[in-house]
Amino acid sequence: MGSTGTVLRELRGAQKSAKGVSLYSRYVNRPAGRVLAAGAYRAGMTPNQVTLTSALFTYGALASVALVEPSWTLAVVVYTALAVGFAFDSADGQLARLTGRGGPDGEWLDHVVDCGKLLLVHIAVLISFYRFGELPSEAWLLLPLGFQLAAVLTFCAGLLREQLGKAAANSRGPSWAAPDAPAAPVSRVRAVALLPADYGVFCLVFLLLGAPGAFRAGYAVLAVVHTLFLAAFLAKWFRELKALRAG
């Protein structure tokens, strides 16, 4: 087993493409995940154990949102746990690529944990609103449900777009793939534009839990932004899949 520095260098060489990734994931979450993956490797953990560690931090934080009265202390604890859970979510894939121990079971578990996270985060906010929030109107209780719909639709539609694209490529064979085409450069403008849709940036709103009015406002703004991103993504993915059929 190599030193931590050696493991980190190997992990840097086994990174996924930065295409379609926001600046937060590229420069904050992935590097943090790389450090956690190196530690997990040194500790002899498997990628699935790292995934479950991510779930422990994330689901524990969300349970706290639902069950504990909002305060500035809770805000710091929840955000820290969510950020660490997100970094472990990056670490499991990095560890799998480093060790070659990834597989369908690990990918399935990772997606199950991610889907549960997207459902529970908005359920936790809804429960917090109902139990502790002095809401201007009961209509605010609909906001987490709408946000949840946008988040889950984005997740499921994006995953399905990826799988259908792979299936189409496999069915067409190597001649269709144009292997000599150069890779498209990573767009920094796109990386900045994707920041509001990044889960790590979304987690920052929980730092406002100590000020319920500010938290509601920030959460509402993010809900609108994510809904707009959903509309743009759906249109883009539909065009791409239609092009695959016509190609």
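A few points on the structure. Worth saying up front: this structure is predicted, and the values here are computed from it rather than measured. (Residues numbered from 1 in each chain as written. Predicted model: local features only at pLDDT ≥ 70, side-chain atom pairs only at ≥ 80, totals over all residues. Heavy atoms only, no water.)

## A short note on the overall build of the protein
For the protein, the helix and strand inventory stands at nine helices and zero strands. Ordered by position from N to C terminus, the α and β elements of the protein give α-α-α-α-α-α-α-α-α. Counting over 247 residues, the protein shows a buried share of 38%. Long-range contacts, defined as pairs at least 24 residues apart, comprise 82% of the intrachain contacts of the protein with a sequence gap of at least 6. (Helix = DSSP H or I, 4+ residues; strand = E, 2+ residues; numbered from the N terminus. Buried < 20%, exposed > 50% of the residue type's maximum accessible area, 1.4 Å probe, protein only. Contact = heavy atoms within 4.5 Å.)

## Quick look at the environment of Gly 210
Along the chain, Gly 210 turns up in the loop between helix 8 (199–203) and helix 9 (212–246). Considering only alpha carbons, one finds Gly 210 and Ala 75, 135 residues apart in sequence, at a separation of 6.2 Å. Setting aside its immediate chain neighbours within four residues, Gly 210 contacts Ser 71, Trp 72 and Ala 75.

## Side note on the packing of aromatic side chains
Considering all chains together, one arrives at 13 aromatic pairs under this definition. Ring centres 6.1 Å apart and planes at 80° place the aromatic pair Phe 129 and Tyr 219 in the edge-to-face group. Of this pair, Phe 129 sits in helix 5 (residues 104–132) while Tyr 219 sits in helix 9, placing them 90 residues apart in sequence. By relative accessible area, Phe 129 is classed as buried at 4%. (Phe/Tyr/Trp six-rings, centres within 6.5 Å; stacked < 30°, edge-to-face > 60°.)

## Some details on the nonpolar core
Core analysis: the largest hydrophobic core is formed by 30 residues, its most contacted members being Val 78, Leu 82, Phe 202, Phe 206, Leu 209, Phe 215 and Tyr 219. Elements that contribute at least two residues to this core include exactly helix 3 (47–67), helix 4 (72–99), helix 5, helix 6 (142–172), helix 8 and helix 9. Counting residues per element, this core draws most heavily on helix 4, at eight residues. In this view, Val 78 contacts Ala 61, Ser 64, Val 65, Phe 206 and Leu 209; residues no more than four positions away in its chain are not counted. Core analysis: the next-biggest nonpolar cluster, separate from the first, contains six residues, Ala 37, Val 50, Ala 91 and Leu 95 among them. (Core = buried A, V, L, I, M, F, W, Y, C linked by side-chain atoms within 4.5 Å.)

## Looking at the pattern of salt bridges
Here the idea is simple: oppositely charged side chains can pair when their charged atoms come close. Scanning all chains against the criterion turns up five salt bridges. Put simply, Asp 114 and Lys 117 hold a salt bridge, and the shortest N to O gap is 3.5 Å. You can see Asp 114 and its partner Lys 117 sitting in helix 5, three residues apart, about one turn around the helix. Residue Asp 114 shares its accessibility class with Lys 117, and that shared class is buried. (Salt bridge = Lys/Arg side-chain N within 4 Å of Asp/Glu carboxyl O.)

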